[in-house]
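Working through the structure, step by step
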Amino acid sequence: MKKIMAIGAALVLVGCEDASQSNPPASGAAPEPTNDDLRLVGGYRSTDDDCQLTGETAFTIDFLDHTADLVSCPTGGGAEQSLIEMYDARKVAETGGYSVYSIPRG
């Protein structure tokens, strides 16, 4: 009986050990902002886009508009430049290493 319990305990420990070694799911390609001004919701053009749809915070509330998307990109990166080229993006702010754009829907 003690052998069975010892084997069972060993199997449980092995299972826990394997689980802790697995990589956590990626939370997206974009780096974290350097402050709490932005709430990044998810990639704008694709799930791994560095330009992120941006939610409401005390900082962004004045930039939100029901006719436009608020999108934040790491400042000076290729994703920011391609966003400007693809859409009629209007820069409204910079904060935490990000440039914030308003993009009309439609």
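All values derive from a computational prediction rather than experimental measurement.

**Description of the nonpolar core**
C51, V71, C73, A79, L83, A89, Y101 and I103 form the largest nonpolar core, which has 8 residues in total. Mapped by element, the contributors of at least two residues to this core are β3 (68–74), α2 (78–86) and β5 (98–104). Apart from the residues within four sequence positions on either side, A89 is in contact with L83, I84, Y101, S102 and I103. Core analysis: the second largest hydrophobic core is formed by 6 residues, A30, L70, A93 and Y98 among them.

**Let's talk about the packing of aromatic side chains**
Here the structure, examined in full by the defined rule, presents 2 aromatic pairs. Relative to Y87, the ring of Y44 has its centre 5.6 Å away and its plane inclined at 70°; by these criteria the two rings are edge-to-face. Within this pair, whereas Y44 is found in the loop between β1 (39–43) and β2 (52–55), its partner Y87 is found in the loop between α2 and β4 (90–95), the two being separated by 43 residues in sequence. A residue is classified by how much of its surface remains accessible, and Y44, at 21% relative accessible area, is partly exposed. The exposure class of Y87 is partly exposed, given its relative accessible area of 31%. Here the aromatic rings of F59 and F63 are separated by 5.7 Å at their centres, their planes lie at 65°, and the arrangement is edge-to-face.

**Points about the sheet that holds β3**
Here we have 5 strands laid out as an open sheet, ordered β1-β2-β3-β5-β4, and antiparallel in their pairing. Lying at the two open borders of the sheet, with one neighbouring strand each, are β1 and β4. On average, each strand axis in the sheet is inclined to that of its neighbour by 35°, with strand direction left out of account. Across 5 bridges, the pairing between β4 and β5 is antiparallel. Note on β5: the bridge partner recorded for K91 is Y101.

About the thresholds
Residues numbered from 1 in each chain as written. Predicted model: local features only at pLDDT ≥ 70, side-chain atom pairs only at ≥ 80, totals over all residues. Heavy atoms only, no water. Core = buried A, V, L, I, M, F, W, Y, C linked by side-chain atoms within 4.5 Å. Buried < 20%, exposed > 50% of the residue type's maximum accessible area, 1.4 Å probe, protein only. Helix = DSSP H or I, 4+ residues; strand = E, 2+ residues; numbered from the N terminus. Contact = heavy atoms within 4.5 Å. Phe/Tyr/Trp six-rings, centres within 6.5 Å; stacked < 30°, edge-to-face > 60°. Pairing = 2+ DSSP bridges. Axes fitted to C-alpha atoms, helices over the stretch in contact; angles between N-to-C directions.

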